[in-house]
Amino acid sequence: MEVGSVVANLAADLGIDVQTLGRRKIRGNPPLSDNETITLELLDVNDNVPQFPQTFYTIPVMENNAPGASLSSLTAIDPDLHENQYLVYFIIEKEIVNTSMSMLFSINPENGNLYALKTFDYEIEKEFLFHIEARDSGVPPLSSNVTVHIIIMDQNDNTPLIVSPWRAHGSEVKEKIPRSTDKGTLIAKVIAIDSDSVHNSRITYQFLQNTDATLFSLDQYNGEIRTMRMFSYRDSRDQRLVVIAKDNGEPALSATVTIKLSTVETALKTYTEVPLEYDIFSDLNLYLVIGLGSVSFLLLITILVTIVLKCQKAKPSKAAPPCRNSVISERNSTIADSTLVSNDAYWYSLFLAETRKGKLVVRQPVPKGARYIVSSLPRSTGVTETSDSAASTLQSRLTYFPDLLLLFHLQF
């Protein structure tokens, strides 16, 4: 507040016109004067709001903290005087899962010191967010608030738990493997879990004990145990492996598992011990199978060709359409028109009876063969003419039907 304004207010209260007083002249001689000291007391008005240095506070808290431990001090500033600068701190109520903030944290109303009322567990509660208000004692009171973010820090307080291979408490894991196991075969896999945070829960695996370091290998990240070579007769039948699973915390926590391996004989022992001979016999069997298959295929083709040739016969030429007096015999003879060609004497004897019906039967051998040609003509025709006619008929029939065994015609 300015001094000039204070003086003006004081003169007004006394009824003195300051301007008139300034224009008056002192006329006394010698001039006389007097003075008086006036004390002015200024009254403060609550016109300043409390201010926090920060608008947002992030406070890390390590889990497993002791109840009542101090977390931080939150102090606001009020430039007013006396009662107007007296501040009171308190937590703005907020419920989290049916739990009020005043049950988890406490703040000193006079100095703003913040305390934890319980022990926190990172695996259950990871963070809290609430507001703190600072209020002065003026009339009317002024206030401001700040946001507080409590972050629970993980502590390596959980030991790794081995879940595979399963085992009873304090007992060994017993496994049986074939003695003929090849190189690189997966024997077992150790799996451990850790409920700590990502950094503290990283597990690495190592052999704590190994009967033969040249026989098994262990992957330090996935826990796979594999064979580095095949078993030999010098290797012990029982192998004892102790694996330790260690987390990445500080200090590191660990768990162990004991695996007892027993090798058993298999029926394929002889073949696995001499793989070279086994390969030779495999090639020989392959050649035998190919040879037998080829012979069987050729034999099958030969049988099929023989069957086809046996079943295939020459088809006889079709004779002239039979007339009402034509006869087809079952004795390898053919009858057509008026001439019979046959090598069977039966037909010759049969057609001798034709002469009894008034017909003349002429018999004449077929050239270059032992068959007979029998022609039946009416008796009115002479023997000479009949022979010439039969000969001409025979010539024409042999020329037209060269493949026929028998050509005969009955004329009724």
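Look up a bit, the structure's there.
The paragraphs below set out a description of the structure included in this document. (Residues numbered from 1 in each chain as written. Predicted model: local features only at pLDDT ≥ 70, side-chain atom pairs only at ≥ 80, totals over all residues. Heavy atoms only, no water.)

Attention shifts here to the environment of Ile-91. When you line up the elements, Ile-91 lands in strand E3 (residues 87-91). Classification of Ile-91 as buried rests on a relative accessible area of 12%. As for Ile-91 and Asn-108, which are separated by 17 residues in sequence, their C-alpha atoms are 9.9 Å apart. (Helix = DSSP H or I, 4+ residues; strand = E, 2+ residues; numbered from the N terminus. Buried < 20%, exposed > 50% of the residue type's maximum accessible area, 1.4 Å probe, protein only.)

The next thing to look at is the nonpolar core. By size, the foremost hydrophobic cluster in this structure holds 26 residues, and its most contacted members are Phe-105, Leu-114, Phe-128, Phe-130, Ile-132, Val-148 and Ile-150. Put simply, the parts of the chain that give this core at least two residues each are strand E1 (56-62), E3, strand E6 (105-107), strand E7 (113-116), strand E8 (127-136) and strand E9 (143-153). Those residues in contact with Phe-105, other than ones at most four positions away along the chain, are Leu-71, Ile-91, Leu-114, Tyr-115, Ala-116, Leu-117, Phe-120, Phe-128, Phe-130 and Ile-150. In terms of nonpolar packing, the next biggest core, distinct from the first, is built from 21 residues, Val-173, Ala-188, Ala-255 and Leu-261 among them. (Core = buried A, V, L, I, M, F, W, Y, C linked by side-chain atoms within 4.5 Å. Contact = heavy atoms within 4.5 Å.)

Under the criterion given, the structure shown has six aromatic pairs. Where Phe-105 meets Phe-128, the ring centres are 5.5 Å apart and the plane angle is 80°; that geometry is what we call edge-to-face. Of this pair, Phe-105 sits in strand E6 while Phe-128 sits in strand E8; the two residues are 23 residues apart in sequence, bridging distant segments of the chain. Of the two residues, Phe-105 and Phe-128, neither departs from the other in class, the shared state being buried. Measuring from ring centre to ring centre gives 5.2 Å for Phe-120 and Phe-128, while their planes differ by 50°; the resulting arrangement is tilted. Assigned by exposure class, Phe-120 and Phe-128 land together as buried. An aromatic cluster is built from Phe-105, Phe-120, Phe-128 and Phe-130, whose rings are joined through pairwise contacts. Over the ring of Tyr-122 we find Lys-126; its NZ or CZ atom is 4.7 Å from the centre of that ring. (Phe/Tyr/Trp six-rings, centres within 6.5 Å; stacked < 30°, edge-to-face > 60°. Lys NZ or Arg CZ within 6 Å of the ring centre and 35° of its normal.)

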